[in-house]
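Spelled out from the first residue to the last, the chains are:
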Amino acid sequence: MKKLFHGTFRSLNSFNYRLWISGMFVSNIGTWMQRIAQDWLVLVHLTHHNATAVGIITALQFAPVFLLLPFSGYAADHFDRRKFLIFTQAAMGLTALGLGILTLSGLVRLWHVYLFGLILGAITAIDAPARQTFVSELVKEEDIPNAVALNSTSFNSARLIGPAISGFLIAAFGSGGVFLLNAASFGAVILALSFLRLDELYQRDKPTDQKHGLSDGFRYVRHRPDIKTILAMLFLICTFGLNFPIFISTMAVTVFHGEARLYGLLMSSMAIGSVTGTLFVAGQANPHIRLLFLSTILFGISCLLGALMPDALTFGLVLVLIGLSAQIFTTASNSLVQLSTDSKVRGRVVAILLAVSVGGTPVGSLLIGRVADIWGARYALGIGAISGFTAALIGLCYLVKYHRLHLYFKKGDIAFKMKAVGDKIKHPFHRR
């Protein structure tokens, strides 16, 4: 088949990848619709503007990722990923269906939302590593970073659409109706997985040693200073910086005194930057830690500006920068780790990456929620700014040590100079 796509969209030349990303796009729209509806249900209907309650739900949804890490990484590397994903996607659809029925019946209580959040978090925990690494079976090895970036583009394009229409759907049908629509959207992914051309899947090397499981992933990471640096930066940004449901919902309600439509529009504003960021990474052949360093600086500056904005319009404009920097960082991190990791342990390393990136979210979301309740949403957003600057400092230390980044003076100007050394750290497990 003649190649129709080049550069940024080259992964779409694969029929399987086109089918997969189309199904995921529909499902992601439903997922973002439910997130907005769920946060609004808790913040406005089940509590009186209680940001801590929103933080608890976020914590419950992410805590299982860390707790189920041993199984999720093992499953991603040893099970048939396509069949495994059909099972997990169906289970998530049933969870949304159950919450929707409870809400429409008028029986829903706060503890119900907590329980369903925990169940969804557990299913997502075992689904995520398999879903993230499944792209390696859909495209050629050299197109994996591009496929990962386009996956993020799909997710954030859905973030642009889902929240925008969710506000109107909540007003028209209530949160319960939105939950039911999300349940139906999982059917798109299941159909896509069912109709893949199995003979065109790229079968990567599977591990033959069944004894060590996750310990192999930790041992691999221990010998990779670049991956350890990425994990440290991810932990800070994701724990204290990516609490957008809390930041944006509390700014919309308590600072700008808006309704569900404003919350949805602000989330969509951030998604504009997110889509731009993922498309930028998709066009990069080989993302580098230099890109992570620069994006974390921009994230810190953007969060600081967001905390100072006087009205919803200017705050929405700054959210574009926040979304841009956050997605460049997270997408490039995922691409960089997947591309440079041996395929035999890729699932377990990605599981570790996901656990680190969301493992601190339960603590971070509770902290951010309490700060928003006690001191206000602007102070909570200020903590996000601090996380960006701290992550940038960690990246700078890595660049100085392994890439000989130096600060020097030239004709009165301060500049940085980096020698082209050490781009690939030598270690016994480096992918060949």
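Residues numbered from 1 in each chain as written. Predicted model: local features only at pLDDT ≥ 70, side-chain atom pairs only at ≥ 80, totals over all residues. Heavy atoms only, no water.

Looking at an unreviewed UniProt entry, the protein carries the name Major facilitator superfamily MFS_1, with the source organism given as Zymomonas mobilis subsp. mobilis. What UniProt records for the protein under Subcellular location (unreviewed entry) is the sentence "Cell membrane". (UniProt positions renumbered as here; feature names shortened; annotations may be inferred.)

Caption draft 1: Quick peek at the overall build of the protein. Within the protein one finds 15 helices and two strands. Pairs at least 24 residues apart make up 83% of the contacts formed inside the protein by residues separated by at least 6 positions. (Helix = DSSP H or I, 4+ residues; strand = E, 2+ residues; numbered from the N terminus. Contact = heavy atoms within 4.5 Å.)

Caption draft 2: Focus on the packing of helix H1 (residues 15-46) against helix H6 (residues 144-194). Taken N-terminus to C-terminus, the directions of H1 and H6 make an angle of 35°; their axes are 6 Å apart at the nearest point. Here the residues of the contact of H1 with H6 are counted per class, giving 31 nonpolar, 15 polar and two charged. (Axes fitted to C-alpha atoms, helices over the stretch in contact; angles between N-to-C directions. Nonpolar A, V, L, I, M, F, W, Y, C, P; charged D, E, K, R; others polar.)

Caption draft 3: Expanded view of the nonpolar core. Core analysis: the largest hydrophobic core is formed by 112 residues, its most contacted members being Tyr-17, Trp-20 and Ile-248. Element by element, the count of residues in this core is highest for H1, at 13 residues. Looking at which domains feed residues into this core, each of domain 1 (8-199) and domain 2 (212-405) supplies at least three. In this view, Trp-20 contacts Leu-85, Arg-131, Phe-134, Val-135, Leu-138, Asn-151, Val-189, Ala-192 and Leu-193; residues no more than four positions away in its chain are not counted. In terms of nonpolar packing, the next biggest core, distinct from the first, is built from five residues, Ala-91, Met-92, Leu-120 and Ile-123 among them. (Core = buried A, V, L, I, M, F, W, Y, C linked by side-chain atoms within 4.5 Å. Buried < 20%, exposed > 50% of the residue type's maximum accessible area, 1.4 Å probe, protein only. Domains from an automatic or database assignment.)

Caption draft 4: Spatial organisation of the packing of aromatic side chains. Scanning the model with the defined rule gives four aromatic pairs in all. Between Phe-244 and Phe-247 the ring centres are 6.4 Å apart and the planes differ by 65°, which places this aromatic pair in the edge-to-face class. In this pair, Phe-244 and Phe-247 both sit in helix H9 (residues 244-255), three residues apart, roughly one turn of the helix. Given the relative accessible area of 8%, Phe-244 is considered buried. Overall, the relative accessible area of 1% leaves Phe-247 in the buried class. When the ring centre of Trp-32 is taken as origin, the NZ or CZ atom of Arg-35, which lies over that ring, is 4.7 Å away. A cation over a ring is seen here: Arg-197 above Phe-15, with NZ or CZ 3.7 Å from the ring centre. (Phe/Tyr/Trp six-rings, centres within 6.5 Å; stacked < 30°, edge-to-face > 60°. Lys NZ or Arg CZ within 6 Å of the ring centre and 35° of its normal.)

Caption draft 5: Highlighting the pattern of salt bridges. Applying the stated criterion across every chain yields a total of five salt bridges. Salt-bridge contacts for Glu-137 lead to Arg-81; the nearest nitrogen and oxygen are separated by 3.3 Å. One end of the pair, Glu-137, is in the loop between helix H5 (110-133) and H6; the other, Arg-81, is in helix H4 (residues 81-104), with 56 residues separating them in the sequence. By relative accessible area, which is 7% here, Glu-137 ends up buried. Judged by relative accessible area, Arg-81 falls into the buried class, the value being 6%. (Salt bridge = Lys/Arg side-chain N within 4 Å of Asp/Glu carboxyl O.)

Caption draft 6: Molecular detail of helix H2 (residues 51-67). Its 17 residues give H2 an end-to-end C-alpha distance of 25 Å, which sits within 8% of 24 Å, the value for a rise of 1.5 Å per residue. Along its length, H2 shows its largest kink, about 25°, at Gln-61, and proline Pro-64 lies within four residues downstream of that point. Residues Ala-51, Thr-52, Ala-53, Val-54, Gly-55, Ile-57, Thr-58, Ala-59, Gln-61, Pro-64 and Val-65 constitute the buried set of H2. (Expected span 1.5 Å × (residues − 1). Bend = angle between axes of the 7 residues up to and from the residue.)

Caption draft 7: Structural context of unusual backbone geometry. Despite not being glycine, His-257 has its phi angle at roughly 55°, a positive value. Residue position: His-257 is located in the loop between H9 and helix H10 (260-282).

Caption draft 8: Geometry of the environment of Thr-341. Inspection of the secondary structure assignment puts Thr-341 in the loop between helix H12 (312-340) and helix H13 (346-359). Its relative accessible area of 1% is what places Thr-341 among the buried residues. The spatial distance from the C-alpha of Thr-341 to the C-alpha of Val-221 is 9.3 Å, given a sequence separation of 120 residues. At a separation of 2.5 Å, a polar atom in the side chain of Thr-341 contacts the main-chain carbonyl oxygen of Val-337. (Polar contact = N/O pair within 3.5 Å; in protein donor to acceptor, adjacent residues only side chain to side chain.)

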